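Report on the structure
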Amino acid sequence: RVFAFATHGLFNGRAADLIENSTLEEVVITNTIPLPPDIHKQTRKVRQVSVGKLLAQAIHCIHTGDSVSSLFDTRRGDALLA
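So, how was this worked out
- Residues numbered from 1 in each chain as written.
- Predicted model: local features only at pLDDT ≥ 70, side-chain atom pairs only at ≥ 80, totals over all residues.
- Heavy atoms only, no water.
- Helix = DSSP H or I, 4+ residues; strand = E, 2+ residues; numbered from the N terminus.
- Rg over C-alpha atoms; globule rule 2.2 N^0.38 Å.
- Buried < 20%, exposed > 50% of the residue type's maximum accessible area, 1.4 Å probe, protein only.
- Contact = heavy atoms within 4.5 Å.
- Lys, Arg positive; Asp, Glu negative; His and termini not counted.
- Charge placed at Lys NZ, Arg CZ, Asp CG, Glu CD.
- Core = buried A, V, L, I, M, F, W, Y, C linked by side-chain atoms within 4.5 Å.
- Pairing = 2+ DSSP bridges.
- Axes fitted to C-alpha atoms, helices over the stretch in contact; angles between N-to-C directions.
- Polar contact = N/O pair within 3.5 Å; in protein donor to acceptor, adjacent residues only side chain to side chain.
- pLDDT = per-residue confidence, 0-100.

Some words on the overall build of the protein
Of the regular secondary structure elements, the protein holds 4 helices and 3 strands. Walking the protein from its N terminus toward its C terminus, one meets helices and strands in the order β-α-β-α-β-α-α. For the protein, whose C-alpha radius of gyration is 15 Å, the value lies well above the compact-globule estimate of 12 Å for 82 residues. Projecting the C-alpha coordinates of the protein onto the three principal axes gives extents of approximately 45 × 25 × 15 Å. Here the protein holds 82 residues, and the buried ones make up 26% of them. Taking all contacts inside the protein whose residues are at least 6 apart in sequence as the whole, residues at least 24 apart take part in 29%. Across the protein, the 9 positively charged side chains and the 8 negatively charged ones have centroids separated by 2 Å.

The structure is reproduced here in structure tokens:
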């Protein structure tokens, strides 16, 4: 199984076609930039996850003086990227 992960998914030119015809099972990207409106018509291999909860928690930690490094605890990933 082959997966790709990216922070900013820039799907320029033939990117969707190349992904669709590749051996990649899935490309997971964050919602830091808008996806092209027709990307899911061109390939069903792209999944976008929200960073909203992660950013909100980082702002909260900074505001309250709590540790921001706790956000990098891999056991919290599911809660912060929902």
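Back to the text.
With respect to the nonpolar core
With 10 residues, the main nonpolar core is built from Phe 11, Ala 15, Ala 16, Ile 19, Leu 24, Val 27, Ile 29, Leu 35, Ile 39 and Val 46. For this core, the secondary-structure elements that each account for two or more residues are helix 1 (15-20) and strand 2 (26-30). With 3 residues, the top contributor of residues to this core is helix 1. Sequence-distant contacts of Val 27, that is, excluding residues within four places in its chain, are made with Ala 4, Phe 11, Ile 19, Lys 45, Val 46 and Arg 47.

Some remarks on the sheet that holds strand 3 (residues 46-49)
Strand order in the open sheet made by the 3 strands is 1-2-3, with parallel pairing throughout. In this open sheet, the two edge strands, each paired with only one partner strand, are strand 1 (3-8) and strand 3. Taking the axes of each pair of neighbouring strands and ignoring which way they run, one obtains an average angle of 20 degrees across the sheet. Of the strand pairs in this sheet, strand 2 and strand 3 are connected by 4 bridges, and their pairing is parallel. Pairing of Val 28 across the sheet is with Arg 47, part of strand 3.

Here's the deal with the environment of Lys 45
With respect to the helices and strands, Lys 45 occurs in the loop between helix 2 (39-42) and strand 3. C-alpha of Lys 45 to C-alpha of Val 28: the two residues are 17 residues apart in sequence and 8.4 Å apart in space. Apart from the residues lying within four places of it in its own chain, the contact partners of Lys 45 are Ile 19, Glu 20, Ser 22, Leu 24, Glu 25, Glu 26 and Val 27. Engagement of the side chain of Lys 45 in a polar contact is seen with the backbone oxygen of Ser 22, the distance being 2.8 Å.

Considerations on the confidence of the model for the protein
With 91% of its residues at a pLDDT of at least 70, the protein reaches an overall mean of 90. Highest mean pLDDT in the protein belongs to strand 2 (96); lowest belongs to helix 4 (residues 77-80) (64).

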